[in-house]
Amino acid sequence: LVFGLGPALSVTRSAVARAPGTGRFLRGPFGSRARSALVVVQAALCLGLLATSALFTKSLQEMWEEGLPEPSQFLTASFDLDQLRYTPQQAETFYADLLRGVQELPAVKAAALTDRPVPGMLSGLVGSWGPEVSVPGQAERVSRVLSTYATADFFEAMGLHFVEGRTFLPEEHRGPPRVVVVNQEFVKRAFGEKPLGRVVTLTTVGENGERTSVDAMVVGVIKNPAGRPIFTKLSNVFFPSPSGPRPALDLAVRLEGDAKGVASSIRTVASGLEPRLPLDQFATGEELRRRRNSGDYTLTQVVSLLGILSLVLAAAGLYGVVSYMVTLRQKEIGIRMALGAASGSVLRLVLRQSIVPVLAGCVLGALGAGIIAKVTRAQLYGVSPFDPFAFGGATLLLLAVMMVASLTPARRAARVNPVEVLRQE
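Residues numbered from 1 in each chain as written. Predicted model: local features only at pLDDT ≥ 70, side-chain atom pairs only at ≥ 80, totals over all residues. Heavy atoms only, no water.

Novice: Break down the packing of aromatic side chains for me, with residues and values.
Specialist: For the structure on display, the rule yields 11 aromatic pairs. Ring geometry for Tyr86 against Phe94: centres 6.3 Å apart, planes inclined by 85°, an arrangement best described as edge-to-face. Of the residues examined, Phe94 reaches a relative accessible area of 5% and is grouped as buried. Measuring from ring centre to ring centre gives 5.3 Å for Phe155 and Phe238, while their planes differ by 85°; the resulting arrangement is edge-to-face. Residue Phe155 is located in helix H5 (residues 154-157), and its partner Phe238 is located in strand S11 (residues 235-239); the two are separated by 83 residues in the primary sequence. Overall, Phe155 belongs to the buried group, its relative accessible area being 2%. Residue Phe238 is classed as buried on the basis of its relative accessible area, which comes to 0%. (Phe/Tyr/Trp six-rings, centres within 6.5 Å; stacked < 30°, edge-to-face > 60°. Buried < 20%, exposed > 50% of the residue type's maximum accessible area, 1.4 Å probe, protein only. Helix = DSSP H or I, 4+ residues; strand = E, 2+ residues; numbered from the N terminus.)

In structure tokens, the structure reads:
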């Protein structure tokens, strides 16, 4: 509406009219400079949207490829025995039997239980911090620590790799936690170096406010994985036995084959142990990845749609401006061709004059896109705000479309018959 307002007002005020009895065109106040300015601004806005869309798309692709490895081979399920009024001993027996039954399924490569919701771990949501963690004599060097109960195969199921040490042993799942596995971020903040064999203190607070502390030795260190902020940016401590009653646990499964088929088998195992248990909280790795990136995906879609729409409008606008310019300059073009100008030179003249405002708009649009990228830096992942491929691709696309838009009226100008134009005069 804004870009059409100036030309519309110009027409309604007879800014361009054919003088009676002549073939001359008279120009009104909405002249060539105003038209060129509109092309410049429209091209700048279009490039800004296209470049921003390219940045968001590339960022989304980086996020999509990182994080959970081989998401098609991953499955998670949530179980809650609280409503069934299980005693702590009954819950422990149920989960031990469930884990054993799932691990025996042919398609399961690794299965583990954890007291932290797996979808939250992948999306970066921290519901609770777990038992307090401190380092004797160095507590001041450790800020907030995320402590998580996890069985031995948790790290393999989640695609977490050890840089040194080992995972938990079967006998370490019984009794109070005496060993822990930590991530590199915790090592950096708590120890600095040589973490294996060092001691941390886990402290739980009971319902009556009573504090219980146990010392545990570090036996393994996992690598900070890219694309998963909970494991990368936060200090993590994993312990192998529950520090208290755990009626609700999540199951993480690394599998090979059909995830839906494995989910059906897990339901069979669980319902065989407890027919009353709700079995609707299953999710594949692909589903979790879509949930995690849903906001960024929507944002990218919106910006991309706006960029395409602005590109179409800019191309239509340039086509109209060039057609209008060719009509106004029909006499001049006829005289040039009558004096010996070739069709090719006329074509290049019109294209050059139509593309110059677009190039100026590209410069302004690149500056605008750079400002937008700095403001939206927090929304970008793994991509520089001034990524040359995003800006270069957006510029080439804009120039190509605008060149095509101006080509038809330019070719029409090159086919002007000078005899007919001069006869009209």
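Next comes the rest of the write-up.
Novice: Which residues make up the nonpolar core, and what are the values?
Specialist: Ranked by internal contacts, the top residues of the largest apolar core, which has 46 residues, are Phe79, Val180, Phe186, Val200, Leu251, Val253 and Ile266. The next biggest cluster of nonpolar side chains, apart from the first, holds 35 residues, and it includes Ala43, Val322, Cys362 and Ala413. (Core = buried A, V, L, I, M, F, W, Y, C linked by side-chain atoms within 4.5 Å.)

Novice: Would you mind going over helix H9 (residues 285-292) in detail, with residue names and values included?
Specialist: For H9, the full list of buried residues reads Gly285, Leu288, Arg289 and Arg292. Relative to the axis of H9, the buried residues are bounded by an arc of 100° and lie together on one face. (Arc of directions from axis to C-beta.)

Novice: Give me the lowdown on a nonpolar patch on the surface, citing residues and values where you can.
Specialist: Residues Val302, Leu306, Leu309 and Leu313 make up a contiguous nonpolar surface patch of roughly 350 Å² in combined accessible area. Mapped onto the elements, Val302 comes out in helix H10 (residues 294-328). Among the residues examined, Val302 registers a relative accessible area of 44% and is labelled partly exposed. (Patch = residues over 30% accessible without salt bridge, like charges linked within 9 Å, V, L, I, M, F, W, Y side chains within 5 Å. Areas by Shrake-Rupley, 256 points an atom, 1.4 Å probe, with all protein chains shown as cover. Salt bridge = Lys/Arg side-chain N within 4 Å of Asp/Glu carboxyl O.)

Novice: Could you give an account of the pattern of salt bridges, naming the residues involved and the relevant values?
Specialist: Tallied over the full model, the rule gives 8 salt bridges. Between Glu172 and Arg166 there is a salt bridge whose closest N-O contact spans 2.8 Å. Classification of Glu172 by relative accessible area gives buried; the value is 15%. Where Lys188 meets Glu185, a salt bridge forms, and the shortest distance between an N and an O atom there is 3.4 Å. Of this pair, Lys188 and Glu185 both sit in helix H6 (residues 184-190), 3 residues apart, which is roughly one turn of that helix. Of the residues examined, Lys188 reaches a relative accessible area of 55% and is grouped as exposed. Residues joined in a network through salt bridges with shared partners are Glu185, Lys188 and Arg189.

Novice: Can you lay out unusual backbone geometry for me, pointing to particular residues and giving the numbers?
Specialist: Although it is not a glycine, Arg85 adopts a positive phi angle of roughly 55°. With respect to the helices, strands and loops of the structure, Arg85 is situated in the loop between strand S3 (74-80) and helix H3 (88-103). Classification of Arg85 as exposed rests on a relative accessible area of 74%. With a phi close to 45°, Lys194 is a non-glycine residue in the positive phi region.

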